[in-house]
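Examining the three-dimensional arrangement
Spelled out from the first residue to the last, the chains are:
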Amino acid sequence: MRLLRPLLVAVALLAGAGAARAEPRQMVAAAHPLAVEAGLEVLARGGTAVDAAVAVQMMLGVVEPQASGIGGGGFLLYFDGATRAITVYDGREAAPAGATPTMFLGADGKPLPFRQAVASGKSVGVPGTVALLERAHKEHGTLAWNSLFATSIDAARHGFPVSSRLAAWLDQVKAFAGEPAARATFFDADGAPKKQGDTVVNAALADTMQRVADKGATVLREGPLAEEMVRRVQAHARPGTLSLADLAGYRVIKREALCGPYRIWTICGMGPPSSGGLAILQALALLEPFELSRDQPNDLRSVHLIAEASRLVFADRAHYVADPAFVPVPVEKLLAPAYLAERRTLISPDRSMGVQGAVPPGYVEHGTSHMTIVDRQGNAVSFTTTIESPFGSLMMVGGFILNNELTDFSAVAERDGRPVANRVEPGKRPRSSMSPTFVLNKDRELVLAVGSAGGQRIIGDTLQALIGMLDWNLSAQAALDLPRVLNMNGPTELEEKGDLPALAERLRALGHQVQVRRHEGGLTAIRREGDGWGGGADPRRDGVAKGD
Ligand code: GLY
């Protein structure tokens with residue numbers, strides 16, 4: 001033992017030194033530390049990135065219920081480390097068969113006030129999140145489905161501490177207290193919203209997750225939970241038409257990744273019904289000749305150019321993008337070099353072009369979450385998941401919140417006498433901005449994965465995270481920390497953070513209408529670092545990135 005001890009010490013020191021140097025080989029980045037831990041626990045048992053995504057989503061539904069969960073939908077991109085193929089799962093909510101293009105109009109023919117449209121049965125789409133995860137798990141999971149729920153069920157049944165963001169949203173969305181199940185779960189006996197650090201127990205959600213663990217997505221297609229969803233939606237004071245047939249008929253759609261070049265990389269994202277992948281590819285293509293890599297992060301030139309490119313892609317998005325099963329979206333034409341070259345002529349380095357064409361009013365919403373996961377086999381998941389507004393439609397069934405995703409449709413069916421591409425139609429999926437993204441190198445190796453929450457601002461957030469990492473060679477965390485500039489074909493928004501507001505006057509001199517505002521963000525990202533990975537989570541939220 002006397003001889004062995006120095007040897008053991010030396011081995012321990014070497015191992016320690018190695019551990020300090022080595023980059024993580026597997027990693028989870030998500031909007032809440034408990035969700036990250038749930039994912040890491042699955043990876044530690046040898047699970048794949050998809051196995052981990054199931055656990056992360058279940059925990060997010062418990063601890064970040066305002067943003068995503070069993071009652072919502074999402075888009076998941078999966079990168080297979082062995083084949084380097086990307087599979088895209090569309091679990092976007094669908095409009096019920098009884099939905100109509102005018103269902104968000106009031107008796108006066110005008111759109112319902114947005115809050116009334118959100119808090120209604122009309123806004124609830126057929127949820128797709130569990131069906132999506134089940135399908136992805138069947139194809140790319142290795143651990144047993146029912147082994148992926150234990151930590152989330154435990155947290156829901158025995159309690160979890162309210163995060164600062166959940167507390168803030170409970171305080172802000174007071175109408176949620178009008179839902180009896182929400183009041184019993186998230187509010188004190190005197191009706192006051194739970195505060196940060198208070199404990200929430202959601203036994204109904206624990207029971208629902210146990211059913212999903214035992215039987216899969218079928219428990220949302222038929223049986224008591226399905227019947228209760230239908231009853232709640234149809235019994236609402238502003239009723240919707242969701243039916244058992246709608247729930248039974250829901251299908252996850254596998255789509256092609258939408259990929260395009262940027263400098264030495266290939267960027268792959270989500271095509272229609274999301275506008276995210278297309279808008280990001282267009283913006284990057286518009287910006288490429290300006291060589292943003294010559295600039296310092298967020299200097300005047302780059303901020304101006306990013307705002308101008310964003311303005312152009314938002315004009316196209318408003319006009320063209322909707323569910324491709326209902327509206328032909330001219331994706332190839334919108335990405336054609338000749339078209340983009342013509343659009344680029346509108347960008348002047350020293351003058352803003354101003355608003356481009358009519359843009360429907362944008363909704364500000366924050367009920368979305370993004371997770372990014374890599375496993376030891378080199379598989380990866382980039383998954384944006386949502387119930388749309390904070391606390392969705394403000395209705396709960398089985399401990400989960402019903403989405404209000406159908407308010408992502410245009411409330412008006414016609415504009416200037418022409419049908420709006422993103423009008424409501426039966427069975428249609430509303431246009432999204434969700435932008436789960438992968439970047440590949442010339443050998444099709446994964447360079448990074450990224451995506452964000454944040455409604456329409458997802459596009460600008462994801463675009464700038466990409467520019468931060470690819471052009472300015474920032475770490476994932478540094479790219480996510482950068483103050484944001486956004487333009488959705490209106491004012492140029494500067495985040496009230498760091499040096500960015502100091503550019504306001506100079507941008508106004510270039511013709512921008514500038515708003516300095518607080519920004520919600522919601523990015524997570526994982527980027528190749530050496531032989532492993534580095535991660536980042538948006539400092540504007542509660543999330544973390546962690547690996548081993
Ligand atoms: N509800 C957020 C989005 O789909 O863009």
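Keep in mind that what you see is a predicted model, and the values were worked out from it rather than measured.

Procedures and definitions
- Residues numbered from 1 in each chain as written.
- Predicted model: local features only at pLDDT ≥ 70, side-chain atom pairs only at ≥ 80, totals over all residues.
- Heavy atoms only, no water.
- pLDDT = per-residue confidence, 0-100.
- Contact = heavy atoms within 4.5 Å.
- Near = heavy atom within 4 Å.
- Polar contact = N/O pair within 3.5 Å; in protein donor to acceptor, adjacent residues only side chain to side chain.
- Nonpolar A, V, L, I, M, F, W, Y, C, P; charged D, E, K, R; others polar.
- Pairing = 2+ DSSP bridges.
- Helix = DSSP H or I, 4+ residues; strand = E, 2+ residues; numbered from the N terminus.
- Axes fitted to C-alpha atoms, helices over the stretch in contact; angles between N-to-C directions.
- Buried < 20%, exposed > 50% of the residue type's maximum accessible area, 1.4 Å probe, protein only.
- Disulfide = S-S within 2.5 Å.

On to the confidence of the model for the protein, then. This prediction gives the protein a mean pLDDT of 94; 95% of its residues lie at or above 70. Scored below 50 in pLDDT, residues 1-19 makes 1 contact in the model with residues more than four places away or belonging to other chains.

Close to the ligand lie 10 residues; R92, E405, D408, S432 and S433 are nearest. In the environment of the ligand, an oxygen atom lies 2.8 Å from a nitrogen or oxygen atom belonging to the side chain of R92. With respect to the ligand, the side chain of E388 contributes an N or O atom lying 3.0 Å from a nitrogen atom. The residue inventory of the shell around the ligand, partitioned by class, reads 1 nonpolar, 4 polar and 5 charged.

The next subject is the sheet that holds strand 17 (residues 485-487). One open sheet holds the 3 strands; their spatial order is 17-18-19, and the pairing between them is mixed. This sheet does not close on itself; its edge strands, each paired only once, are strand 17 and strand 19 (514-517). Strand-to-strand twist in this sheet, taken as the mean axis angle between neighbours without regard to direction, amounts to 25 degrees. The pairing of strand 18 (residues 492-495) with strand 19 spans 4 bridges and is classified as parallel. In the strand pairing of strand 19, E493 is matched with Q515. Each of strand 17 and strand 18 touches helix 13 (residues 300-320); the most contacted strand, strand 17, lies at about 30 degrees to it. Against the sheet, helix 16 (residues 457-470) touches strand 17, strand 18 and strand 19, its axis set at about 135 degrees to strand 17.

Once that is clear, we can look at the side chain of T386. One can find T386 in strand 10 (residues 380-388). A relative accessible area of 1% places T386 in the buried class. Within the local environment of T386, its side chain forms a polar contact with the side chain of T368, the two groups lying 2.8 Å apart. Here the side chain of T386 touches E388 through a polar contact of 2.7 Å, landing on its backbone nitrogen. Residues contacting T386, with those up to four places away along its chain left out, are A67, S68, G72, G73, R92, E93, G367, T368, E405 and M434.

Residues other than glycine predominantly adopt negative phi, and peptide bonds predominantly adopt the trans conformation. Here the amide bond leading from P272 into P273 is cis, since omega sits at 20 degrees, within 30 degrees of zero. Mapped onto the elements, P273 comes out in the loop between strand 8 (265-269) and helix 12 (276-287). Positive phi outside glycine occurs at N298, with the angle close to 60 degrees. Structurally, N298 can be placed in the loop between helix 12 and helix 13.

Let us now look at the sheet that holds strand 10. If you walk across this open sheet you meet the 7 strands as 6-3-2-10-9-1-22, and the pairing is antiparallel. Looking at which strands have only one partner, the edges of the open sheet turn out to be strand 6 (253-255) and strand 22 (544-547). The mean inter-strand angle of the sheet, taken between neighbouring strand axes irrespective of direction, is 15 degrees. Pairing analysis gives 4 bridges linking strand 1 (residues 27-30) to strand 22, with the strands arranged antiparallel. Within strand 22, the residue paired with A29 across the bridge is A545. Lying over the sheet, helix 5 (residues 129-140) contacts strand 2 (73-79), strand 3 (86-91), strand 6 and strand 10, oriented at roughly 155 degrees with respect to strand 3.

Considering all chains together, one arrives at 1 disulfide under this definition. Two residues share a disulfide in this structure: C259 and C268, whose sulfurs sit 2.1 Å from each other. Residues C259 and C268 share a disulfide whose torsion about the S-S bond is about 115 degrees; that sign makes it right-handed.

Every buried residue of helix 7 (residues 164-172) is listed here: R165, L166, A167, W169 and L170. The secondary structure elements touched by the buried residues of helix 7 are helix 3 (49-63), strand 4 (160-161) and helix 8 (180-186).

Turning to the environment of R84, a few remarks are in order. With respect to the secondary-structure elements, R84 resides in the loop between strand 2 and strand 3. Exposure remark for R84: the relative accessible area of 31% places this residue in the partly exposed category. What R84 contacts, discounting residues up to four positions off in sequence, is F79, D443, R444 and E445.

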